[in-house]
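# Working through the structure, step by step
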Amino acid sequence: IYPETEYFYAKYLACLGSYRAGVSNKLSAVGSEGASDLQTCVKEISDQCNPLPCYKDGYTKCIDGLATYTCVCKPGWAGDTCEQDVNECEEFQKGGCGQIGRA
């Protein structure tokens, strides 16, 4: 079994447990938050941006890909999930940010 199969199958069972009458599943609360019906729940399983993998303070958007995602960072943020707050003053080796704009 591939790890992806285990990951997606558990989410699929959660959708079935949440939206099909007569199906009881201990995983029914996993992966189905916000979905309004079974079809939407199953469609959202492959959305790599749900749940959001990006750092909430550092990203502008998450782009869903094929078994991957891309976090687009705000200016001043870096890293795969935009988790690194960049120190803009570091690039000014002489005097730091306090010296910008002074003659």
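## Quick look at the overall build of the protein
When helices and strands are counted, the protein shows 2 helices and 4 strands. Along the protein, helices (α) and strands (β) appear in the sequence α-α-β-β-β-β when read from the amino end. Counting across all 103 residues of the protein, residues that qualify as buried make up 17%. In the protein, of all internal contacts separated by at least 6 residues, the share reaching a separation of at least 24 is 16%. When the accessible area of the protein is evaluated, it comes to approximately 7,700 Å², of which 52% is carbon and sulfur surface.

## Details of the pairing of strand E1 (residues 59-64)
Inspection of the sheet shows E1 paired to strand E2 (residues 69-73) by 5 bridges, in the antiparallel sense. When the sheet's bridge partners are listed, Asp-64 is paired in E2 with Tyr-69. Joining the antiparallel neighbours E1 and E2 is a turn of 4 residues, in which Ala-67 adopts a positive phi near 60°.

## A look at the environment of Tyr-55
Within the element layout of this structure, Tyr-55 appears in the loop between helix H2 (38-44) and E1. Note on Tyr-55: relative accessible area 35%, which makes it partly exposed. Tyr-55 sits 27 residues away from Cys-82 along the chain, and the two C-alpha atoms are 5.6 Å apart. Excluding residues within four positions of it along the chain, Tyr-55 makes contact with Trp-77, Thr-81, Cys-82 and Glu-83.

## So, the nonpolar core
Cys-49, Cys-54, Cys-62, Cys-71 and Cys-82 together form the largest nonpolar core, which totals 5 residues. Among residues more than four places away in sequence, those in contact with Cys-82 are Tyr-55, Gly-58, Tyr-59, Cys-71, Val-72, Cys-73 and Trp-77.

## A word on the state of the cysteines
Evaluated as defined, the whole model comprises 4 disulfides. Between the sulfur atoms of Cys-73 and its disulfide partner Cys-82 the distance amounts to 2.1 Å. Every disulfide takes its handedness from the sign of the S-S torsion; for Cys-73 and Cys-82 that torsion is -95°, giving left-handed. Classification of Cys-73 by relative accessible area gives partly exposed; the value is 25%.

## Quick notes on the packing of aromatic side chains
If you walk through the whole model with that rule in mind, you get 1 aromatic pair. A centroid spacing of 5.6 Å and a plane angle of 40° characterise the contact between Tyr-55 and Trp-77, whose relative ring orientation is tilted. With Tyr-55 in the loop between H2 and E1 and Trp-77 in strand E3 (residues 77-78), this residue pair connects regions lying 22 residues apart in the sequence. A relative accessible area of 21% places Trp-77 in the partly exposed class.

Procedures and definitions
- Residues numbered from 1 in each chain as written.
- Predicted model: local features only at pLDDT ≥ 70, side-chain atom pairs only at ≥ 80, totals over all residues.
- Heavy atoms only, no water.
- Helix = DSSP H or I, 4+ residues; strand = E, 2+ residues; numbered from the N terminus.
- Buried < 20%, exposed > 50% of the residue type's maximum accessible area, 1.4 Å probe, protein only.
- Contact = heavy atoms within 4.5 Å.
- Areas by Shrake-Rupley, 256 points an atom, 1.4 Å probe, with all protein chains shown as cover.
- Pairing = 2+ DSSP bridges.
- Core = buried A, V, L, I, M, F, W, Y, C linked by side-chain atoms within 4.5 Å.
- Disulfide = S-S within 2.5 Å.
- Phe/Tyr/Trp six-rings, centres within 6.5 Å; stacked < 30°, edge-to-face > 60°.

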